Amino acid sequence: MSTLFGRRVRALSAVVGTALLAVGCGGSPTPSGSTTPKIGVVLTYNLPGFWGNYFKYEDQYRTQLGVEIVGPKVANVEANGNEAAQQILDVRSLIAQGVQALIINPADSAAIGPALDYAKRKGVPVVTVDVARSQGSVYMIVRADNTAYGTKSCDYIASHATSPGTIAMVEGDLTSLNARDRATGCQAVISQKYPNFKVQAYQTKDWGTDPAVQNATTALTAITDLRGIYVHWSVPEDGIIAAEKQKNKYSDVGGSNHIMLVGNDGSPHECDLIRSKNLDATIDQPADKYAYYAIFYAKQAVAGTKYNDGQTTDHNIDPILLVPRAGRGSGPGG
Amino acid sequence: MGEADHVFKSFGETRALVDVSLDVRAAECHALVGRNGAGKSTLVSLFTGLGRPDRGAIQLAGEATPSLADRGAWLARVACVYQRSMMVPSLTVAENVFLNRRMAGEGALINWRQLRSEAHALMLEWGFDLDVDQEAATLTVEQRQIVEIARALSIGARFLILDEPTAALEKAAVDRLFERVRRLREGGVGVLYISHHLEEIYEICDRVSVLRDGEMVLSGPVSNIRQAELVAAMVGTAPPRRATEIEAVETHGALGETRLQVRDLTVYSRSGSVAGVSLSVRSGECAGLVGLRGSGSATVADAVVGLVRPRSGTILINGSAVEPGQVHSTLHRGVGYVPQDRHARGFAPQLGVDENLTLALLDRLSRRLGIVSYRERTATARRQIEQLQIVARSLDQPVSSLSGGNQQKVVVGRALAPDPNVLVAVNPTVGVDVASKEALLDAIGRARDHGVAVLMVSDDFEDLRVCTRLLVMVRGRIAGEFKQPPWDRQRLIAAIEGFEVAV
Amino acid sequence: MQQRAMADKAIEQATSVGWRMNRRDIRFVILKWFRELTLIPVIVVLMIAGAIVNPVFFTPSNLINVAEGGAALGMVVVAESLILLTGKFDISLQGTFGLAPLLGAWLIAPKASQGLGTEWNPWLGLLVVLGVGLAVGAFNGILVVKANFNAFIFTLAMSILLTGLQLGWLGGQTVYNLPQAFIYLGSESWVGIPVAVWITVVAFAAAALFLRYHRAGRAMYAIGGNLEAARAAGIQVDRIRIGVFMVASVLAAVGGLMQAGRVTAVTAGQGSNLIFGVFAAAVIGGISLDGGRGRMVGALTGVVLLSLVTNILTLTNISSTWIDAVDGAIILIALGLAKLIGTERA
């Protein structure tokens, strides 16, 4: 990075030149006091419960790890398409503002490609959070194994159901790799381990809350042997519970004829639902660990640490299924 | 019923009405005549409560006028039937008649049965068994008039203003209208009858008042005023040079072959239908079509150029028929067109002078692959600019920023640029300053001398200076021809207004 | 006075002809209704298709789902139709749909559920929701009608503003744990039919009756049909138009409450993309985009049509990635049919 500025720097006065040089290098592992790495954050808000938490932790870890966060720039939640295009613009504007690394949660795994290429050309390393990209290269991906999410969730339903039947899966927006992975995981475990169960999937465009609840309502009406509902994210859960009550199909966890409900995210609200026996289980996506490691790796990127291609690091961000009265992994909240 | 007492009204610098006094009595039909722009509309707006006079007073039925905001009070006293439809097209006739009115014993809710029966009764009063449940959009012009009159009277107005009521009516309907007006008179209603058709005034009105340039120049019983006097009052004393005549035109070229022929043309149009019109224009001639608005003169021009499709009849350019309704192919045959409204149809406002001038020539300027040759375009544009003395800062100055006169020159220049055989010009000098007017008319005259056959439609007598022949149109037909200039103004106006012209 | 006497006599004559008129009346009435009800065959076809696709379709439970799914949309369609009739647009209704309930919920919900923490009485919260609707409607109305802003552009900008406020207010969070009073509209049922459906049907009926029988309702048609004629007749054009904007916004806010009640939460994205469906339903149902034409019963059929389509698509197991394409195609077909039959007059 220093070579980029190199020639021009010499033309300027010496004082300015050295300052630029120092910032350009990101100042190697020894922090030189006045140079805090500047990191830009681009998110999409498709899972408000999760990302809300993420923010709080990001704030916390920002000071802890000593970085300056620019943004986050957020593409509209539940809005129609074009978040990908918006994110590409956001990436450009952050780079123009002089960030040294980027943390991105792509709205669309493939469409984020041009933004990644642009960042690479500008020499800004990118850490993606929660969603992997399918095109373009990044410095580090901080995500969980979403396929395992799906697998664990549907496994839980099938293993705890009173009898074989159908599981309704309310999927998120299938343009997101996360949703696709979770769907795959669920379908896989059911077909392999529980052959006398079926999965009926309903897609929800843009992770819309009302359409999701509508899908669940349709499932409640249309599927006679409904044993459980697996919903890919946490926001519709209340609505689904309300719909069940309306149709007189609701019973607390453990009751007879109970239709199981398993969600995702692990937000505090879900913990409340589990405690009050409305929700069977949820996957704990530890927002805190996401936040921490996103910043950590972004900082490493600025520092110039190299990682091998495909190297995975285990930070214990494994899917933890939160169930009633089970223990929870490390981390605040819940 | 309605009285204007020494009324003055100005709009900014324009003095629309100067010391005008007019009164319409009950059981009287009082005619108001005057040329366009004489102040008739302004007076009507004062009578209907759309404005207040600057000085002087308006009285209705002997009382002072209500405040302008109280529309209801105005409607109860005076009603005007405009040329524009004042009905809501999607509502039924019955609803339109009772628009925003309460009937006896009604609250905020509408009693549909009562509405229909009362509306039906009203129509029957006028001898009209009109289906009051049909949508207002389906009414003919005559029916619409009747409904509007009925509505006005049922509100209680006893002072009725009819603005050009016969403009869109044919003969039988006009007769019926007169019958109704007579009955209205007998019923005690005072009618202010505005019309250009002077012969109607003699048929149905009791008194007549003439407005000219904002002043009341003549007023009195119809039986005491002769036609000639009336026309003279409307026209006024002409400037000494052209006391009674329109100057003879100087022609330099010999007449050539017939370039434009129109045979038996019939066109249906809202702005003036045409029935069975035939004319021909030869190379080196300028034929002027004159007539009132709605007489069909502009429609003939539109049909010749291809902007409207005629019902029947043929148009021949240079001896061969043109496909009706196709502007592009018509212009391609060598016809230049100067449209009526330059703002709506004349030029592309944001394009530059050079581009507008060569707009009709584009295919000739582009040899290869449709790309316009810049050099040729500039040369052509310069030529036109010189000939017409167009004043512009630069070649690419947007035409919208030119003065009216220069804009019109661009429009004419565009029409003349491709050296057409036939030039159709409609109101070519409207809204143009005196100097530009001269330049424009000279250009048209020059074109005529060079062999172009010119068809000019205009009601500006100055324009007619360039013409070698005049054809007068009244109600869609050619009513007379004036062959040899100079022409007598009085006789010309009389012919235009519909009087029989003693040759 | 003389005229009145003549009129009286004529009325006598007319009523004696009353018989003839009445019979003609009935035939006429049927003819007038025919236009809008010609979408009924389309709906019948859809229902048959639905039954074929999935036997569950015709069960009361599913049909109630359909009705409930369309209720919130229906409220906004009533609102937009009223505005369209007076010759104006309001695109910001979808913003009000989302923002009004959000603000109300924010004031009621406990801090843990993303509320402000003031935890007001739920009824106050409901008042706030309606109040926000009223305020936005008044703002739109005054600026579009009095200050003569272009309705389309202005309300579009307002829509973006309101949606942005909705997102930024709570940083995108959802408000949970809403008290029963707040979610009543979306979650309860009377006589087996969801409250939301009742209210929407009442809204349609009230609007239809108002438009037909009340002076102000007819005035709205006049304003949309020929503005000058309306003015000349002394109709208070500006006042009525602003009033319509305000009423429409309140209706949209109520619609938003319905959806919030159904989902028992107010999300930051509530209302997104709603307005397209609203216009589609209105236009298919015969409400003219030029103003002055169209009836509520038509708009209602438009809403029913759209809701049915959504439901059938969900039941069919069409690969979920194709749902959008099929949805769009069906709407196009419905529009084409409406034009053919003559209800659509956009």
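From a predicted model like this one, the values you see are computed outputs, not experimental measurements. (Residues numbered from 1 in each chain as written. Chains lettered and ligands numbered in written order. Predicted model: local features only at pLDDT ≥ 70, side-chain atom pairs only at ≥ 80, totals over all residues. Heavy atoms only, no water.)

Attention now goes to the packing of helix α6 (residues 122–146) of chain C against helix α12 (residues 237–263) of chain C. Residues and elements named next belong to chain C. Relative to each other, α6 and α12 sit at 145 degrees, their axes nearing to 7 Å. Relative to α12, α6 is oriented so that their crossing is right-handed. By residue class, the composition of the contact of α6 with α12 is 16 nonpolar, five polar and three charged. (Axes fitted to C-alpha atoms, helices over the stretch in contact; angles between N-to-C directions. Helix = DSSP H or I, 4+ residues; strand = E, 2+ residues; numbered from the N terminus. Left-handed = near helix turned anticlockwise from the far one by under 90°. Nonpolar A, V, L, I, M, F, W, Y, C, P; charged D, E, K, R; others polar.)

The next thing to look at is the pairing of strand β10 (residues 281–284) of chain A. Summarising the sheet, strand β9 (residues 260–265) of chain A and β10 of chain A pair through four bridges and their orientation is parallel. Of the residues in β10 of chain A, the one forming a bridge with Val262 of chain A is Ala281 of chain A. (Pairing = 2+ DSSP bridges.)

Another aspect to go through is the sheet that holds strand β18 (residues 422–426) of chain B. All names here are of chain B. Overall, mixed pairing links the six strands, which are arranged β17-β18-β19-β14-β20-β21 in an open sheet. Edge positions in the sheet fall to β17 (335–338) and β21 (477–482), since each of these pairs with one other strand and no more. For this sheet the average axis-to-axis angle between neighbouring strands, irrespective of direction, equals 20 degrees. The sheet contact formed by β17 and β18 spans four bridges and is parallel. When the sheet's bridge partners are listed, Val338 is paired in β18 with Ala425. Contacts from helix α15 (residues 404–416) reach β17 and β18 within the one sheet, and its direction differs from that of β17 by about 170 degrees. (Contact = heavy atoms within 4.5 Å.)

Another aspect to go through is the domain arrangement of chain B. Domains assigned within chain B are domain 1 (2–87 + 139–236), domain 2 (245–334 + 420–497) and domain 3 (352–418). The straight-line distance from the C-alpha centre of domain 1 of chain B to that of domain 3 of chain B is 46 Å. (Domains from an automatic or database assignment.)

Across the boundary between the two partners, chain A contributes 32 residues, which contact 36 residues of chain C. Roughly 2,800 Å² is buried in total at the junction of chain A and chain C, and carbon and sulfur atoms are behind 49% of that figure. When residues of chain A are sorted by the area they lose upon contact with chain C, Asp210, Thr221 and Gln246 of chain A head the list and together hold 18% of the total. Where chain A meets chain C, there are one salt bridge. The shortest N-O distance in the salt bridge between Asp210 of chain A and Arg262 of chain C comes to 3.7 Å. Inspection of the region where chain A meets chain C yields eight residue pairs in polar contact (both at pLDDT 80 or more). Elements represented by at least two residues in the side of chain A that touches chain C include exactly α3 (48–65), β7 (198–202), α8 (209–222) and α9 (237–246) of chain A. No other element matches the nine residues that α8 of chain A contributes to the side of chain A that touches chain C. In the side of chain A that touches chain C, the residues fall into ten nonpolar, 15 polar and seven charged. (Buried area = accessible area lost by both parts, 1.4 Å probe. Salt bridge = Lys/Arg side-chain N within 4 Å of Asp/Glu carboxyl O. Polar contact = N/O pair within 3.5 Å; in protein donor to acceptor, adjacent residues only side chain to side chain.)

Here the focus is the state of the cysteines. A full pass over the atoms with the stated rule returns one disulfide over all chains. The disulfide partner of Cys154 of chain A is Cys186 of chain A, and the S-S distance across this bridge is 1.8 Å. Residues Cys154 of chain A and Cys186 of chain A share a disulfide whose torsion about the S-S bond is about -90 degrees; that sign makes it left-handed. Note that Cys154 of chain A is positioned in helix α6 (residues 146–160) and Cys186 of chain A in helix α7 (residues 177–193), a separation of 32 residues in sequence. For Cys186 of chain A, a relative accessible area of 0% puts it in the buried group. In this model Cys29 of chain B remains outside any disulfide bridge; the closest cysteine sulfur is found in Cys205 of chain B, 3.1 Å from its own. Here Cys80 of chain B is not disulfide-linked; the sulfur of Cys29 of chain B is the nearest cysteine sulfur, at 14 Å. (Disulfide = S-S within 2.5 Å. Buried < 20%, exposed > 50% of the residue type's maximum accessible area, 1.4 Å probe, protein only.)

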